[in-house]
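Structural overview
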Amino acid sequence: MKIDLTVAAVPAFVGAMIAEHAWQRAHPVEPGTRAGDYQLADTVASLSMGIGSLAAPYVARRLLDPVTPGVGRHGRTLLALGAAAAVLTTVGDVVRRRVRDGSLPEPQTVPAAVREVQDELADIRLGPAVARADRPVVAPALRRTHGALAVSAVASTALVTSTTWAAMTAGKRLFARSPLDLGAGPWAAVAAVLGWDFIYYWNHRASHESRWLWAVHVVHHSSERYNLSTALRQPVAEGVTLTVPYGLLALAGVRPALIEQARGINLIYQFWIHTEAIQRLGWVEKVFNTPSHHRVHHGSNRDYLDRNHGSILILWDRLFGTFEEEDEPVVYGLTSNVDSYNPARIATHEWADIAADVAAAEDWHDRFSFLLRRPGWAYSRRAAAGVA
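A few points on the structure. Predicted, not measured: the structure shown is a model, and the values here were computed from it.

1. As for the nonpolar core
- Among the nonpolar cores identified, the biggest contains 14 residues, and W196, L249, V254 and I259 are the most heavily contacted of them.
- Contributing elements (two or more residues each) for this core: α8 (171-177), α9 (186-209), α11 (248-251) and α12 (256-272).
- Examining the composition of this core, we find that five residues originate from one element, α9, more than from any other.
- Core analysis: the next-biggest nonpolar cluster, separate from the first, contains 13 residues, V154, I354, L371 and W377 among them.

Now the structure itself:
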């Protein structure tokens, strides 16, 4: 029977959290001055999401396999629905532009005399320019329908892309096609761990640079506290993301079982670095990721944003220009915090924001930019459009 290392390590996780809490009680500080202290609602949210992340792969497989093109029987249906939504959205774009440009007549729902009075009142309340600019030219129900179609088209495209990519790059599939086999010895295990760590760095970095991937990863950054329970606040939607495939290791001859073990080792290593109880570790920090390095990664300070993406090794950050030393107190959480301990809200808030942005966008460039470009681009775009 195959044992998931992360599940086997659960008792050790619990024991470590108890030990950390005991250390905090033995080293008290003024209330509210140490972000690493445990807070019940925050800890419960983290533990809930940790449990959810263990169940998520099995639930996702049951939900996503049937709609994966080439795998499930409903894959073509999803493709057809997405295409239909895209066509209808495009038609809506054309109609909206023509209405806005005046090539289609505005609907006359009241007599001309009444409309003239309404226009005069609007001019008095808001000023002529604002009144004319803010006057709706498309019925709200049609705008909502058009927005829902746009969201459906983008979501189905993302879902088809991610599930197809995952199926095509699965470790077992690629290993069966590879002429290489490194065996099951210690060197193969080392290759698996180092290879996973290298690919993890790029996937983790991409999770901060693409809003689609950030919507999955933001869960892990959502706590304003930093203790070992934070490590368990893991994503539950990794089945609908797009990553550099770990199946590349299988093409290099690493057996799928070793790849899975490397995943577990990688996650287990990351657990202990989520603490304020351990400060600097000297020469170790030149090579390995440590609590100090990872505290920087969880900081919302301007100088700490999108830094220190490594998992086991910090060498990748040093080599590729994303390393930052801890040199000022860390402010944990997001630049705009969720302000909720509800796991469902934590897991879905960025998806909801993406959907709202896609629904309000006026062309395909912006719709897919809201999904694919950096999170900061979306905030800047909304600000430029005068949307909070």
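2. Let's talk about the packing of aromatic side chains
- Counted according to the given criterion, the structure contains twelve aromatic pairs.
- Arranged with centres 6.4 Å apart and planes meeting at 50°, the rings of F198 and F320 form a pair that is tilted. You can see F198 sitting in helix α9 and its partner F320 sitting in helix α15 (residues 315-320), a full 122 residues away along the chain.
- The exposure class assigned to F198 is partly exposed, which follows from its relative accessible area of 33%.
- With a centroid separation of 5.2 Å and 65° between ring planes, the pair formed by F370 and W377 is classed as edge-to-face.

3. Remarks on the packing of helix α16 (residues 343-360) against helix α17 (residues 364-372)
- Relative orientation of the contacting elements α16 and α17 amounts to 165°, with a least axis distance of 8 Å. As the angle between them shows, α16 and α17 are arranged roughly antiparallel. For α16 against α17, the interelement crossing comes out right-handed. Where α16 abuts α17, its residues I354, D357 and V358 lie against R367, F370 and L371.
- A per-class count over the contact of α16 with α17 returns four nonpolar, no polar and two charged.

4. Things to note about the pattern of salt bridges
- Tallied over the full model, the rule gives 16 salt bridges.
- Residue R280 pairs with E325 through a salt bridge whose shortest N-O separation is 3.5 Å. Of this pair, R280 sits in the loop between α12 and α13 (284-287) while E325 sits in the loop between α15 and α16, placing them 45 residues apart in sequence.
- Assessed through its relative accessible area of 45%, R280 is described here as partly exposed.
- Where salt bridges share partners, they join R205, E209, D306 and R374 into one cluster.

5. Quick notes on the environment of N266
- Topologically, N266 is positioned in helix α12.
- Judged by relative accessible area, which is 1%, N266 ranks as buried.
- For the pair N266 and V193, spaced 73 residues apart in the sequence, the C-alpha separation amounts to 7.4 Å.
- Apart from residues lying up to four places away in sequence, N266 is in contact with W196, D197, Y200, S311 and I312.
- A distance of 3.2 Å separates the side chain of N266 from the side chain of D197, its partner in a polar contact.

What counts as what
- Residues numbered from 1 in each chain as written.
- Predicted model: local features only at pLDDT ≥ 70, side-chain atom pairs only at ≥ 80, totals over all residues.
- Heavy atoms only, no water.
- Core = buried A, V, L, I, M, F, W, Y, C linked by side-chain atoms within 4.5 Å.
- Buried < 20%, exposed > 50% of the residue type's maximum accessible area, 1.4 Å probe, protein only.
- Helix = DSSP H or I, 4+ residues; strand = E, 2+ residues; numbered from the N terminus.
- Phe/Tyr/Trp six-rings, centres within 6.5 Å; stacked < 30°, edge-to-face > 60°.
- Axes fitted to C-alpha atoms, helices over the stretch in contact; angles between N-to-C directions.
- Parallel < 35°, antiparallel > 145°, perpendicular 65-115°, else oblique.
- Left-handed = near helix turned anticlockwise from the far one by under 90°.
- Contact = heavy atoms within 4.5 Å.
- Nonpolar A, V, L, I, M, F, W, Y, C, P; charged D, E, K, R; others polar.
- Salt bridge = Lys/Arg side-chain N within 4 Å of Asp/Glu carboxyl O.
- Polar contact = N/O pair within 3.5 Å; in protein donor to acceptor, adjacent residues only side chain to side chain.

The quantities given are spatial measurements derived from coordinates; they are silent on function.
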